[in-house]
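Each chain, letter by letter, is given below.
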Amino acid sequence: MDHDGLAYTAGATYGAVKPEKTGADMKTSASLIALSTPLALTAGSLWADASPAPWDLLKAIEIEEIVTDTSYEVRKNFPASVENGIAQFDITGFVVPLFGDETGLTEIVLVSDMGFCPFCGSPEHGTNLRVSLAEPLIGVEEGARISLRGALEPVTDSETWETMILTGARVL
């Protein structure tokens, strides 16, 4: 962790300035978007039951990391729709085991996309959500796609990037 006194924002390149795109770069980006649109539409129809809305809510939480020589703080700005939690929240994602034993998993991390590792140390990982299960989850392997319902609660601890936890979660 760099202790240079700079404020970091989630999703930003740490300590670096992104160069502006040139006209040639923009044409390449537009061409790639045009070429990938049919693929995206096909993929969307395969996962049609996985509404992106729950993940969009979680992505909307703003995080600012403030590091100085003598302190560390994570400031979180919760949208009004989640700042007090949501009593019944449904979400579909991919399982990353966190805690459990031979009786099953008791806590998992649900990730929006298995292509982005939440534990590899890269700031470019996908959105994830810690889940405390109402009952142990048995026979579910890492990377399995699962739909859950539980109480979504904000994590206000100023020393962690964790923003929300799903408690009392049950498989739908």
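Please read all numbers here as calculations on a predicted model, not as lab measurements.

Asker: Before we go on, may I ask you to explain the overall build of the protein in this structure?
Answerer: Of regular secondary structure, the protein possesses two helices and eight strands. Listed N to C, the secondary structure of the protein is β-α-α-β-β-β-β-β-β-β in terms of helices and strands. By residue count, 26% of the 172 residues in the protein fall in the buried class. When the accessible surface of the protein is split by element, carbon and sulfur atoms take 56% of a total near 10,800 Å².

Asker: Looking at this model, I keep getting lost on the sheet that holds strand β5 (residues 104-111). Mind explaining?
Answerer: Through backbone hydrogen bonds, the strands of a sheet pair up, either in parallel or in antiparallel fashion. Strands sit in the order β4-β5-β6-β8-β7 around a closed barrel of five strands; the barrel is mixed. Going from strand to strand, the sheet's axes swing by 45° on average, the running direction of each strand aside. Examined bridge by bridge, strand β4 (residues 86-101) and β5 share seven bridges and lie antiparallel to one another. Opposite Val-95, over in β5, you have Leu-110 as the bridge partner.

Asker: I keep staring at the side chain of Glu-65 and nothing clicks. Help me out?
Answerer: Turning to its location among the elements, Glu-65 is positioned in strand β2 (residues 62-67). No salt bridge is formed by the buried Glu-65; the nearest opposite charge belongs to Lys-76, separated by 11 Å. Side-chain polar atoms of Glu-65 contact the side chain of Tyr-72, separated by 2.7 Å.

Asker: Looking at this model, I keep getting lost on the pairing of β4. Mind explaining?
Answerer: For a regular strand, the rule is simple: side chains alternate between the two faces of the sheet. Bridge count for β4 against strand β7 (residues 145-154) is seven bridges, and the pairing is antiparallel. Note that in β7 the partner of Phe-89 across the bridge is Gly-150.

Asker: In this structure, what is going on with the confidence of the model for the protein? I would like to understand it.
Answerer: Reading fine detail from the predicted coordinates is not recommended where pLDDT is low. In this model, the protein carries an average pLDDT of 74, and 63% of its residues clear a pLDDT of 70 or more. Low pLDDT, under 50, characterises residues 1-22; the predicted model gives this stretch 33 contacts beyond four residues in sequence or across chains. Here residues 24-51 is a poorly scored stretch, pLDDT under 50, and it has seven contacts once near neighbours within four places are set aside; other chains count.

Asker: Could you clarify how one ought to interpret the pairing of β5 in this entry?
Answerer: Of all the eight residues making up β5, seven are buried; the element is thus mostly covered by neighbouring parts of the structure. Both β5 and strand β6 (residues 128-137) contribute to a ladder of six bridges, which runs antiparallel. Within β6, the position partnered with Val-111 by the bridge is Asn-128.

Asker: Where do I start with the side chain of Thr-163 in this structure?
Answerer: Of note, Thr-163 is situated in the loop between β7 and β8 (164-171). Overall, the relative accessible area of 12% leaves Thr-163 in the buried class. Those residues in contact with Thr-163 that lie beyond four places of it in its chain are Ile-61, Ile-63, Lys-76, Phe-78, Glu-153, Pro-154 and Val-155.

Definitions and limits used
- Residues numbered from 1 in each chain as written.
- Predicted model: local features only at pLDDT ≥ 70, side-chain atom pairs only at ≥ 80, totals over all residues.
- Heavy atoms only, no water.
- Helix = DSSP H or I, 4+ residues; strand = E, 2+ residues; numbered from the N terminus.
- Buried < 20%, exposed > 50% of the residue type's maximum accessible area, 1.4 Å probe, protein only.
- Areas by Shrake-Rupley, 256 points an atom, 1.4 Å probe, with all protein chains shown as cover.
- Pairing = 2+ DSSP bridges.
- Axes fitted to C-alpha atoms, helices over the stretch in contact; angles between N-to-C directions.
- Lys, Arg positive; Asp, Glu negative; His and termini not counted.
- Salt bridge = Lys/Arg side-chain N within 4 Å of Asp/Glu carboxyl O.
- Polar contact = N/O pair within 3.5 Å; in protein donor to acceptor, adjacent residues only side chain to side chain.
- pLDDT = per-residue confidence, 0-100.
- Contact = heavy atoms within 4.5 Å.

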